[in-house]
Structure formats: structure tokens, C-alpha cells
Amino acid sequence: GNSVTQMEGPVTLSEEAFLTINCTYTATGYPSLFWYVQYPGEGLQLLLKATKADDKGSNKGFEATYRKETTSFHLEKGSVQVSDSAVYFCALSAGSGAGSYQLTFGKGTKLSVIP
Amino acid sequence: DAGVTQSPTHLIKTRGQQVTLRCSPKSGHDTVSWYQQALGQGPQFIFQYYEEEERQRGNFPDRFSGHQFPNYSSELNVNALLLGDSALYLCASSLETLALYNEQFFGPGTRLTVL
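Residues numbered from 1 in each chain as written. Chains lettered and ligands numbered in written order. Predicted model: local features only at pLDDT ≥ 70, side-chain atom pairs only at ≥ 80, totals over all residues. Heavy atoms only, no water.

Peer 1: Got a sec to walk through the sheet that holds strand β8 (residues 62-65) of chain A? Specific residues and values, please.
Peer 2: Residues and elements named next belong to chain A. Spatial strand order, β3-β9-β8-β7: 4 strands in an open sheet with antiparallel pairing. The strands lining the two open edges of the sheet, one partner per strand, are β3 (19-21) and β7 (56-59). With strand direction ignored, the average angle separating the axes of adjacent strands in the sheet is 15 degrees. Here 3 bridges tie β3 to strand β9 (residues 75-77), and the two strands are oriented antiparallel to one another. Looking at the pairing, T20 lines up with E76 of β9. (Pairing = 2+ DSSP bridges. Helix = DSSP H or I, 4+ residues; strand = E, 2+ residues; numbered from the N terminus. Axes fitted to C-alpha atoms, helices over the stretch in contact; angles between N-to-C directions.)

Laid out in C-alpha cells, this is it:
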């Protein structure tokens, strides 16, 4: 079956520090990969995505590269801000054709950024 | 443009009771998925509705059932509630296309507490 493993938190960083959150996956077929962010009291928001090997997803200074050889999709940001404090989820979708296939999520990594 | 809306925001029930949660998809979307997010965990896929039929189902018992209406809104019903059903229930909507992946937009969730 499909599964996602991401580094456990919580992660606490000072403002302007470099962020890496590791994510690896197991999937049948050729998955699309995602990072979602959940701010306190809010629903999930798509942060970035990649649909094929070597694709780099990017948004709001965050980046992640789809590495098929290592089955990884690590999230990085060069300089975090206090406003980046949230829970980050790595996820995959692995349908066998077109359509809105179910998402499989990791357990989430809570990030706290201190001034 | 209204996003995905869910009601109620919070709900408290006792064991053995039944509950109905509601979701209105983002304008223009025709597919609704439901996820259960236990405290400190990633969301888990319950099922997906398209054209008023359950199209995919995750590993949840038959106590979990749903419905999609002609206006694409959806309900999630849970019978014979257990303490372990306490969670945040997330609804996500998307537009069915021929693309490899159709982005799912999440609502803020309904927090269900079972006492």
C-alpha cells in the first residue's frame, strides 16, 4: 500500500534559520507528491506539489524536489519567519489514471519559529 | 468566491449516538472527499463522492456513510459513535478533470468530541 513517513517534530527554529523537513514515501504506481500546511485553527492548504520525477515544487520561499531514486520529497526554506509556524504535512496521491485520487498523509511536523 | 464550508464547527456527542456532518464544496467543484484527522496525526481518507455515488473508500467501517446531493454538497454520517471517533473531520472538494491530479481544497473541519 501507500505510505508517507516524515520527520517527527516538533521543530523549533530561530527566525531566518534554514529549514529542512524530511519526507519519504512508498507507493504503488507513479505518485504525485504534495506538501500541505495547517495553521492553527485552520484547514489544510496546499503549499506546493510535484507530479513527476525531478520536478521542483515551490511556493512562498519553500521548495521540494521529487526524487524518485530515493523516494523522497524533502521540504526546504532558506530563511524561515515567525509566520511560518504551523504543522506541515507531506502527502501523496497515487491513482492509476485521471481523477481526484485519495491523498495519503504523513503524521505531520510541527514547526515553531521564534523571533 | 466561497471556499469549502463545513458545519457545524464543533460537536459533542456521547457513545452510541449518531452524528451528521455537512460540507459545501468550493464553487464549481463536483467531487467531495472526507478525511478524519485524529489529534496529532495526519488526515486519513474516509471516502470520496462523485456524481452522487461513493467512488473510493478508505479503511473505515460501515458505521461511516455518506451522501452527495445534486448540488454537490455532501454529508458524512457516523453511527454508533465510539470514543475513538473523536477527531477533526475534514471535507475537501475538487473538480473532476482528465488531469493526472485534481487539486483538493480543504474546509476548516468539524471538531467532533465523543464522551
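Peer 1: Go over the packing of aromatic side chains with me, naming the residues and quoting the values.
Peer 2: All chains considered together, the criterion is met by 13 aromatic pairs over all chains. Judged by centre distance (6.2 Å) and plane angle (75 degrees), the rings of F105 of chain A and F106 of chain B are edge-to-face. In this pair, F105 of chain A sits in strand β11 (residues 103-105) while F106 of chain B sits in strand β10 (residues 105-106), so the two residues belong to two different chains. Like F105 of chain A, the residue F106 of chain B is buried in the burial classification. Three or more aromatic residues joined by ring pairs form one cluster here, namely F34, Y36, F89 and F105 of chain A together with Y35, F45 and F106 of chain B. Just above the ring of Y30 of chain A sits the side chain of K68 of chain A; from NZ or CZ to the centre is 5.5 Å. Just above the ring of F105 of chain B sits the side chain of K26 of chain B; from NZ or CZ to the centre is 5.3 Å. (Phe/Tyr/Trp six-rings, centres within 6.5 Å; stacked < 30°, edge-to-face > 60°. Buried < 20%, exposed > 50% of the residue type's maximum accessible area, 1.4 Å probe, protein only. Lys NZ or Arg CZ within 6 Å of the ring centre and 35° of its normal.)

Peer 1: Let's hear about the state of the cysteines: which residues, and what values?
Peer 2: When the sulfur atoms of two cysteines share a covalent bond, that bond is a disulfide. This structure, assessed with the given rule, holds 2 disulfides over all chains. Through a disulfide, C23 of chain A is tied to C90 of chain A; the S-S separation comes to 1.9 Å. Between C23 of chain A and C90 of chain A, the S-S dihedral sits near -70 degrees, and the bridge is therefore left-handed. Of this pair, C23 of chain A sits in strand β4 (residues 23-26) while C90 of chain A sits in strand β10 (residues 86-93); the two residues are 67 residues apart in sequence, bridging distant segments of the chain. Each sulfur in the disulfide pair C23 of chain B and C91 of chain B lies 1.8 Å from the other. In this structure the cystine formed by C23 of chain B and C91 of chain B twists about its S-S bond by roughly -60 degrees; its chirality is therefore left-handed. (Disulfide = S-S within 2.5 Å.)

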